[in-house]
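Notes for the structure review
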Amino acid sequence: MKQILDFEKPIVNLKEKIAELKKFTSESDIDLTEEISTLEKRLADLENDIYGNLKPWQRVQMARHQERPTTLDYIAELFTDFLEFHGDRTYGDDEAIVSGIAYYKDTPITVIGHQRGKDTKENIRRNFGMPHPEGYRKALRHMKQAEKFNRPIICFIDTKGAYPGKAAEERGQSEAIARNLMEMAGITVPIICIVIGEGGSGGALALGVGDRIHMLENSTYSVISPEGAAALLWKDAGLAQKAAESMRITAPDLYELGIIDEIIVEPKGGAHRDIKQQARNMDAVIEKSLQELKDLSKDELLEKRWEKYKQIGEFMEQ
């Protein structure tokens, strides 16, 4: 059963009405072509109005959509000959992060990303896309390998956050995230990061230090979830919608703030409506980013990366 968000219900109802009229027309001699045409025009206007003016909380809901494409979906569409690697050579393999090598238009690359499930069984297997420390150590191991063989790195970000359980803390969750942040800042090959769903907390940042940071139109990127922020600020997680509107966590907000480099347009209704079109939109941005970065020397790459992050935010000296 497909997930229908509350704000999409008027669109769904109108589509069902059009389908009923078309069926009635095909089964009878009554011509309802004019009425159907009028409703289809109304539907197009309604879709433009709703999807063209999404509020922050509605974008949060889109980013969490259960049918939203995952890292593995995009790997299948964008790259060829993907070979997944497993394990961190310290503890074990974390299936909340996928990592491997592939070809992008005949260019060898390393691709890393958070991976959530599409149903309950897969979500349990993937720990709902919330990595343990061994997931981040696996990612770092393959980043260092990419650096050794001079392969660009592409990271897909899609997690509510790093797993906060006792076992993760015992195995060094904070250290694993901090080490990734430190090491990614100094990796001497191009790094392109794309937020494809939720970019939550340090769990997202651990794959988010790059030369180019892009976001899908209906994704979010934040230090904390709206529910978590509401619980901290107002002692009521039910005020998540209010928090989402205050936090400025959507792609348009973060582009305006200079935190991301580009917004990747989604098909009308979200990335899950047309993954092939979404992949084409992403492909254009990835190709452009790699072209801009490929001729930079190692020193130039690191200097520009440093300048990029130094310019984020504002401060005053007294």
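Scroll up to find the structure.
Figured I'd write up the structure that's included with this text. (Residues numbered from 1 in each chain as written. Predicted model: local features only at pLDDT ≥ 70, side-chain atom pairs only at ≥ 80, totals over all residues. Heavy atoms only, no water.)

1. Things to note about the overall build of the protein
Broken down by element type, the protein carries 14 helices and eight strands. Considered along the principal axes of its C-alpha atoms, the protein spans approximately 70 × 50 × 45 Å. Burial analysis of the protein (318 residues in total) assigns 48% to the buried set. For the protein, the proportion of contacts with a sequence separation of at least 24, taken over those separated by at least 6, is 71%. Surface exposure of the protein reaches about 16,400 Å², of which carbon and sulfur atoms provide 52%. Taken as two groups, the 44 positive and 54 negative side-chain charges of the protein have centres that lie 3 Å from each other. (Helix = DSSP H or I, 4+ residues; strand = E, 2+ residues; numbered from the N terminus. Buried < 20%, exposed > 50% of the residue type's maximum accessible area, 1.4 Å probe, protein only. Contact = heavy atoms within 4.5 Å. Areas by Shrake-Rupley, 256 points an atom, 1.4 Å probe, with all protein chains shown as cover. Lys, Arg positive; Asp, Glu negative; His and termini not counted. Charge placed at Lys NZ, Arg CZ, Asp CG, Glu CD.)

2. Remarks on the pairing of strand 4 (residues 153–159)
A large share of strand 4 lies buried, amounting to seven of its seven residues. The side-chain alternation of strand 4 yields two buried faces, one formed by I153, C155, I157 and T159 and the other by I154, F156 and D158. Bridging between strand 3 (residues 107–114) and strand 4 involves four bridges; their strand directions are parallel. If you follow I112 over to strand 4, its bridge partner there is C155. Where strand 4 and strand 5 (residues 191–200) come together, six bridges link them in parallel fashion. (Pairing = 2+ DSSP bridges.)

3. Notes on a nonpolar patch on the surface
A contiguous nonpolar surface patch, about 390 Å² in accessible area, is contributed by L232, L233, W234 and L239. Structurally, W234 is set in helix 10 (residues 226–234). W234 sits in the partly exposed class, given a relative accessible area of 31%. (Patch = residues over 30% accessible without salt bridge, like charges linked within 9 Å, V, L, I, M, F, W, Y side chains within 5 Å. Salt bridge = Lys/Arg side-chain N within 4 Å of Asp/Glu carboxyl O.)

4. Quick notes on the environment of R151
Take R151: it is sitting in the loop between helix 6 (133–148) and strand 4. Under the relative-accessibility criterion, R151 is labelled buried at 11%. Sequence-wise, R151 and D73 are 78 residues apart; in three dimensions their C-alpha atoms are separated by 22 Å. Apart from residues lying up to four places away in sequence, R151 is in contact with I101, P108, I109, T110, Q145, A146 and V189. A polar contact of 2.7 Å, which involves the side chain of R151, links it to the side chain of Q145. (Polar contact = N/O pair within 3.5 Å; in protein donor to acceptor, adjacent residues only side chain to side chain.)

5. Examining the nonpolar core
Of all hydrophobic cores here, the largest spans 29 residues; its most connected members are I112, M143, I153, C155, L207 and Y221. Elements with a contribution of two residues or more to this core: helix 6, strand 4, helix 8 (173–186), strand 5, strand 6 (212–216) and helix 12 (251–256). A total of five residues in this core trace back to one element, the largest contributor, which is helix 6. Not counting residues up to four positions away in its chain, the partners in contact with I112 are I97, V98, S99, A139, M143, I153, I154, C155, F156 and L207. Counting residues in each nonpolar core, the second largest holds 24 residues, with V98, I192, I194 and L290 among its members. (Core = buried A, V, L, I, M, F, W, Y, C linked by side-chain atoms within 4.5 Å.)

6. Let's talk about the pattern of salt bridges
Under the counting rule described, the total for this entry stands at 32 salt bridges. A salt bridge links E227 to R64, with the nearest nitrogen and oxygen atoms 2.7 Å apart. One end of the pair, E227, is in helix 10; the other, R64, is in the loop between helix 3 (56–63) and helix 4 (71–78), and 163 residues separate them in sequence. Judged by its relative accessible area of 24%, E227 is partly exposed. Taking the relative accessible area as the measure of exposure, R64 reaches 26% and is therefore partly exposed. With its nearest N and O atoms 3.9 Å apart, the salt bridge here joins E170 to K166. Highlighted residues: E170 and K166, both in helix 7 (residues 166–170), separated by four residues, approximately one helical turn. Here E170 falls in the exposed class, since its relative accessible area comes to 58%. Taken together, the shared-partner salt bridges connect R137, K144, E147, E175, R179 and E183 into one network.

Just geometry here; none of it tells us what the structure is for.
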